[in-house]
Amino acid sequence: MPRRRDIESICLIGSGPIVIGQACEFDYAGCQALKVLREDGFKTIVVNSNPATIMTDPGFADRTYLEPLDVEGVAGVLERERPDALLPTMGGQTALNLAVALAEEGILADLGVELIGAPVDVIRRAEDRELFRETVRAAGHEVPASEIVTSRDQVPGHVSFPVILRPAFTLGGHGGGTARDPDELERLLERALGESPVGQVLVEESLLGWDEFELELMRDRADNAVVVCSIENIDPMGVHTGDSVTVAPQMTLPDEAYQELRDAAIAVIRAVGVDCGGSNIQFARERETGELRVIEMNPRVSRSSALASKATGYPIAKVAAKLAVGYTLDEIPNDLTGTTPASFEPTLDYVVVKFPRFAFEKFPGADTTLGTQMKSVGEAMGIGRTFGEAFLKARRSRELDGADAWELPEGAHSWFREELERLEAPAGHLDDLVADDWVRLKRLGLSDAAIAAGCGAMEQLARAKRRGWGVRPAYRRVDSCAAEVEASSNYFYSTWGEADEARPNGTKPRVVILGSGPNRIGQGIEFDYCCVHAAQAFRALGYEAVMVNCNPETVSTDYDTSDRLYFEPLGAEEVLEICARELPAGVVIQFGGQTPLKLAREIETEGWRILGTPFEAVDLAEDRERFAALCERLEIDVPSWSMAGGAAEAAYVAEAIGYPVLVRPSYVLGGRNMQVCYDDESVAAAAEVGGRVLIDRFLEGAIEIDVDALCDGRETFVAAVMEHVEEAGVHSGDSSCVLPAPSLDDETLAQIEEIVRRLAPALGVVGLVNVQLAVQDGEVFVLEANPRASRTVPFASKAIGLNLVEAACRLAAGADLSDLALPRDQVLGRGSSGQVSVKAAVLPFARFPGADPVLGPEMRSTGEVMASAADLPTALAKAERAAGRPLPMEGTAFLSVRNADKPALVEVAESLSKLGFRLVATAGTAKALANAGIAVEHARKVTEPGEGATVVDLVRRGHCDLVVNTPFGDVGARSDGYLIREAALGARVPCITTMAGARAAVRAIADAQGDLAVSLQERIGAQKRSA
Amino acid sequence: MREARGPAWTDWLHDQGVVALTGIDTRSLVLHLRQAGAMRAIAIGGEASVDEALNAVRAQPEMAGRDLAAKVSTRDPFVFSDAGWSRIAVVDYGCKRSILNRLAWSGAAVTVYPHGVDADELVDYDGVLLSNGPGDPEPLRDEQATIRNLIGRVPVLGICLGHQLLALATGRTTYKLPFGHRGANHPVLERTTNGVLVTSQNHGFAVAPGQSREETHVSLYDGTVEGLELRNERARSVQFHPEAGPGPHVAWGILESWVEEVGGLAKAA
């Protein structure tokens, strides 16, 4: 059946900010879908609040809306655009939930918008626990024994522990858990009921220890179903699949058992009624008896489907989009092979392993036990010819800074144990290894580094010895058909002791672009955005773009993005071997965050050219002594600083610099272990971390500024000057950020631009540079410079309507700034479009109970949103909505701030009072406000003796709509401040932990206007006209 | 289920006289076959030069034109399952056990006959299944003659080699594919329903396509004939393996409905 002719325009909903359980896999899916829909002549409209996505680039859809993903936001776009259809299956749980809400409120019917991909009844059958159970049972299959409850007294008395709690309609099993006794059940159930937007929780038979499998299916409207991929979880049931090490295809089932799963999966997808798209179905299987339980189904693309796509080469999202508009599987070509239809199920002649990456070090106090609630922030995938090879590649792709504590989980299948036992690195001498030994060891999957470590030698020496024996990797194609049919695939992985396949033979010069590896806090989708644009830019400049990355969620690892894709760990060994094969004209390291920078020196040592900014600039910027000397020479102010070793020296140095000070280890990434200290005691404690520490003067109350600029080595173009909402001391990645900077006068702005213009060429930047500055009492200080693409590049690009990465690539390829015909920077940096753009961070505190949800120098956000409006308050209010914490317009505000903030609080409290808010405060704060003549009620702290409800009770019971609580230096302890913030988090009440944040919020509450959604294309058009 | 690893596994292979290869670059082998076509091969355990190996390979007869069924067919008839609501005879050209299992599971009493069986011995059954088997169907002239003699007298279902023999017996031609269809993932379009079956396949020869309506199934990969139905003769056949094993079960229905259908016909008669 061919494409439907009754649809002309389609609106696609994205998944919003990156959160745990919902990452850039939906950008990948959305991009693929948009690509095929546009090729087919549909008008496409995108709504997504996440500026770091590729799908929200102006070139990817006809109309792009960076609007909050709530009913109001999407309805506004639908009203304006009046599309024929809405496609909700590419944007994860967020988009599905929104589609259901839009349908239930009658908005889709009123506007005549058809839901395609998954109609509401299908979504309900898959997502509503009770309906799903009935559907599966009617199809002749079993689900875990369970009861759906909406309160504690509905839990049956005879329940046998352990039981699993699964709240309905939440992301990644969010809010769930395993209860082993009635007490634990009590506690977890309350939280789970609170987390479920419909107050519904499934209390379920525990299948702890059963094997867990997932199948990725596609089904069309002619009732054809194919299984794209099977995935086996190495961690058995009980650990969320997002946190499990998984392997594809499944390894331990014989054919008959696997076919039973396949039959069950097809029966379930048919019964649920998905008939124009893909689904992911999860099973538990008792290893001995073969008993099966259907666990859940996602009637949409998912994290697992992204993994399956990368694992097999089968473009699930593309095919799903085609199915949604009416095609059948036999009509859709598989563009990886070019010769087979989408009904040809992939066959693998290799193994794929996925490893999760965690960020527990960012959340001290949080429970690190893995369970049914997903906690990992990213993942890496490895491809090898054997399980062991794939496993080792995936494991080292995680780029852990510290020790690797992974152990095969108890209860894992013995097959995995036996395979892993074969992977021991040799102990002995490198000199004893001859060619055959090298081939054998490399075929196991051992890295040069692992072999070197086993022999007590340096990695470089091992590499030289190995190469001396002529042992080099071979590259094989991922072609979805195990070489059975001719495939023109450009997607490769390495292995050893085999023949090399499809050597590059083009005549164009090549660039190797190094990606950013697994998502982690501080290095996420923003860098993938940059890498994808770099690939596009270099292709447009006449190069062949060669991509190296190991993150299966990303657009950069879509084989469509580059001329050749190497799905490989971002290690020196892999990158150098790829260079040796590709003989690139240059290697591009400035777009993948810190990951490629770590490899730069070795790449240069082997004689490969770094395109654009040389590594020397990175070293100059990161070495504090050298950087300070440079600034001094350029007459640029930096906060006074010094190094110290040990507690005593640190305290002495801090005294000399003057309090407050910022203390951190001397080589620091992403604000790790950074601390603001107000006295010698805390400095001494902070210096105890060992090694040398860096002590900076902390510019209290300063405005922090982020600048993204382009430089060709001589001239500098200041592209964006952004102001942080939170004051210095909050990590720039966690702070909200405004463009154009609202509180800078012309003189200060000119001064900032001038500093950046002096600094960038002096560092030797050719391409992008990010400079962070602080303005205190009209004085401008440089805090740091990063001679590479920064986290803010996608936001800045979208806010100013200029593709900064493309410009940087042209500079790196040798163009001068003057060749780029850029608009005058003053125009851009100051936002002539009349629009104010705000970027707000999204924090994962709700996933880490036990960790203090307070902003600080350590970055902890997983993602960001962007909102634009004609004025700042409206943009701020929209950004908060987009970040999932809409500001209240009325109600009760609870205030509790440290002494230093009390004067500043008066203004905030006055405004809230005028806006009609009832004010409640703890004793000290209440007294300060009362003294200023503001009506305020007193509530007691938990630690304060007395009668009646405590603050925490008020917040928990939902008697509070806004919390302003600045820490008293009591972060992380089981202190009052912590308890208040945790209660707010649990009750989903917006909790503001800085005074600057509070001022901004009050402004937004007071002055936000209702406004019309404006598409990115319209804004850029307006900007071009005014420029 | 025997676990395919460890000493128990290799000992068992040894007992059965089965050669196993491990550690070779299988993908390069597949690529070679895909480019150069299916070819004779040799596995050498001891010391031998390339020339010696090549000579040994070249001394082997080609696959095309060889009568291989006789080597693998049962010598004597035997009853595989004695109870069932339809009575099925299977002509064994190298029959997979999973076909017999699937027939029995579908409710058939199954008796297996050697490849050289006389048609007259088969006509009293409710249906005759022409099994799969190795190699080229073309040289199996006696088998084709038997089928010619058989069709029209009793319902017939051919699988794989059985499909090709039915085609040859009814005037069609077969040819050698460049490298065959091998795998458990081959999509086949079922013309009667316009549905896609994901099938298990393992064959190196194929029926040459005509334009007739009798071609009920077609490969979505290369358009080769995947199924025939000769209504007047009550004969049908599929190139793929509906019994799967290994492979997806979606075509089980073909065997089940045939068993039911021929049993019903026999009772109605």
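Keep in mind the model is a prediction, meaning the values are calculated, not measured. (Residues numbered from 1 in each chain as written. Chains lettered and ligands numbered in written order. Predicted model: local features only at pLDDT ≥ 70, side-chain atom pairs only at ≥ 80, totals over all residues. Heavy atoms only, no water.)

Draft legend 1. A look at the overall build of chain B. Scanning chain B from terminus to terminus reveals 8 helices and 10 strands. Relative to a compact globule of 269 residues, whose C-alpha radius of gyration would be 18 Å, chain B shows 19 Å and is just as compact. Across its three principal directions, the C-alpha atoms of chain B cover 65 × 45 × 35 Å. Per-residue burial over chain B gives 47% buried out of 269 residues. Within chain B, contacts between residues at least 6 apart in sequence are counted, and of these 68% link residues at least 24 apart. With an accessible surface of roughly 13200 Å², chain B has 51% of that area assigned to carbon and sulfur atoms. Within chain B, one finds 25 positive and 32 negative side-chain charges whose respective centroids are separated by 3 Å. (Helix = DSSP H or I, 4+ residues; strand = E, 2+ residues; numbered from the N terminus. Rg over C-alpha atoms; globule rule 2.2 N^0.38 Å. Buried < 20%, exposed > 50% of the residue type's maximum accessible area, 1.4 Å probe, protein only. Contact = heavy atoms within 4.5 Å. Areas by Shrake-Rupley, 256 points an atom, 1.4 Å probe, with all protein chains shown as cover. Lys, Arg positive; Asp, Glu negative; His and termini not counted. Charge placed at Lys NZ, Arg CZ, Asp CG, Glu CD.)

Draft legend 2. Region of the structure containing the environment of A:Asp436. Residue and element names in this part refer to chain A. Looking at the element boundaries, Asp436 is found in helix α13 (residues 435-444). Asp436 sits in the exposed class, given a relative accessible area of 63%. Expressed as a C-alpha distance, the spacing of Asp436 and Ile992, which sit 556 residues apart in the sequence, is 62 Å.

Draft legend 3. The arrangement of a negative patch on the surface in detail. On the surface, a cluster of negative charge is made up of A:Glu655, A:Asp679, A:Asp680 and A:Glu681. Tracing the chain through its elements places A:Asp680 in helix α22 (residues 680-687). (Patch = residues over 30% accessible without salt bridge, like charges linked within 9 Å, V, L, I, M, F, W, Y side chains within 5 Å. Salt bridge = Lys/Arg side-chain N within 4 Å of Asp/Glu carboxyl O.)

Draft legend 4. Seen up close, the sheet that holds strand β38 (residues 991-992) of chain A. All names here are of chain A. Overall, parallel pairing links the 5 strands, which are arranged β36-β35-β34-β37-β38 in an open sheet. Strand pairing shows two members of the sheet lacking a second neighbour, β36 (937-938) and β38, which therefore form its edges. Pairing geometry for strand β35 (residues 918-921) and β36, over 2 bridges, is parallel. Within β36, the position partnered with Ala921 by the bridge is His938. (Pairing = 2+ DSSP bridges.)

Draft legend 5. Fine view of the interface of chain A and chain B. Each partner contributes to the interface: chain A provides 36 residues, whereas chain B provides 30 residues. Here chain A and chain B share an interface that buries about 2600 Å² over both sides, 47% of which is from carbon and sulfur atoms. For chain A, the biggest contributors to the area lost against chain B are A:Phe344, A:Ala483 and A:Glu484; these three give 19% of the whole. Taken together, the links from chain A to chain B amount to 5 salt bridges. Note that A:Arg385 and B:Asp25 form a salt bridge whose closest N and O atoms lie 3.7 Å from each other. Between the two partners, chain A and chain B, sit 17 residue pairs in polar contact (both at pLDDT 80 or more). For the side of chain A that touches chain B, the secondary-structure elements that each account for two or more residues are β11 (225-233), α8 (255-272), α12 (414-421) and β17 (473-477) of chain A. In terms of residue class, the side of chain A that touches chain B is built from 11 nonpolar, 6 polar and 19 charged. (Buried area = accessible area lost by both parts, 1.4 Å probe. Polar contact = N/O pair within 3.5 Å; in protein donor to acceptor, adjacent residues only side chain to side chain. Nonpolar A, V, L, I, M, F, W, Y, C, P; charged D, E, K, R; others polar.)

Draft legend 6. Region of interest: helix α5 (residues 97-105) of chain B. Residues and elements named next belong to chain B. If you check which residues of α5 are buried, you get Ser98, Ile99, Leu100, Arg102 and Leu103. Against β1 (78-81), β2 (86-92), β3 (108-114), β4 (127-130), β5 (156-159) and α8 (252-268) lie the buried residues of α5. Downstream of α5 by one or two residues, Gly107 has phi in the positive range, about 105 degrees.

Draft legend 7. Just the domain arrangement of chain B, in detail. Assigned domains of chain B: these are domain 1 (7-58) and domain 2 (72-268). Taking only C-alpha atoms, the centre of domain 1 of chain B and the centre of domain 2 of chain B are 30 Å apart. (Domains from an automatic or database assignment.)

Draft legend 8. Region of the structure containing helix α5 (residues 120-127) of chain A. Residue and element names in this part refer to chain A. Inspection of α5 places Val120, Val122, Ile123, Ala126 and Glu127 among the buried residues, and these make up the whole buried set. Considered in projection along α5, the buried side chains sweep an arc of 160 degrees and stay on one side of the axis. Tucked inside the fold, the buried residues of α5 contact α3 (92-104), β5 (114-115), α6 (129-138), α8 and β14 (292-298). (Arc of directions from axis to C-beta.)

Draft legend 9. Seen up close, the nonpolar core. Residue and element names in this part refer to chain A. Counting residues in each nonpolar core, the largest one holds 107 residues, and the members touching the most others are Met90, Met218, Ile513 and Phe591. Contacts of Met90, omitting those with residues within four sequence positions, involve Leu12, Ile13, Phe26, Ala29, Gly30, Ala33, Val301, Ala317, Ala320 and Ala321. Ala875, Leu876, Ala893 and Val964 belong to the second-largest nonpolar core, a separate cluster that totals 40 residues. (Core = buried A, V, L, I, M, F, W, Y, C linked by side-chain atoms within 4.5 Å.)

Draft legend 10. Inspection of unusual backbone geometry at higher detail. The omega torsion across A:Leu739 and A:Pro740 is -5 degrees, close enough to zero to call that bond cis. Examined against the element boundaries, A:Pro740 turns out to sit in the loop between β29 (737-739) and α23 (746-763). Put simply, B:Gly245 and B:Pro246 share a cis peptide bond, and its omega is 0 degrees. By secondary structure assignment, the location of B:Pro246 is in the loop between β10 (235-238) and α8.

Draft legend 11. Highlighting empty space enclosed by the protein. Residues and elements named next belong to chain A. The full count for this structure, using the stated rule, is 12 cavities of 30 Å³ or more. The calculated volume of the second largest cavity comes to roughly 120 Å³. For the lining of the second largest cavity, the secondary-structure elements that each account for two or more residues are α16 (525-540) and β33 (863-869). Grouping the amino acids of the lining of the second largest cavity by side-chain chemistry returns 5 nonpolar, 8 polar and 4 charged. (1 Å grid on protein atoms, 1.4 Å probe; cavity = no way out; pocket = protein on both sides within 12 Å on 5 of 7 lines; lining within 4 Å. Points joined across faces, edges and corners; volume = space filled by probe spheres on them.)

Draft legend 12. Looking closely at the pattern of salt bridges. The final tally for this structure, using the stated rule, is 86 salt bridges over all chains. The salt bridge involving A:Arg714 is made with A:Asp816; its shortest N-O contact spans 2.6 Å. Of this pair, A:Arg714 sits in the loop between β27 (703-712) and β28 (716-724) while A:Asp816 sits in the loop between α25 (804-812) and α26 (825-829); the two residues are 102 residues apart in sequence, bridging distant segments of the chain. Its relative accessible area of 28% is what places A:Asp816 among the partly exposed residues. For B:Glu243, the salt bridge identified is with B:Lys96, shortest N-O distance 2.9 Å. Pair noted here: B:Glu243 is in the loop between β10 and α8 and B:Lys96 is in the loop between β2 and α5, with a separation of 147 residues, a long-range link. Of the residues examined, B:Glu243 reaches a relative accessible area of 3% and is grouped as buried. In this structure B:Lys96 comes out as partly exposed when scored by relative accessible area, which is 22%.

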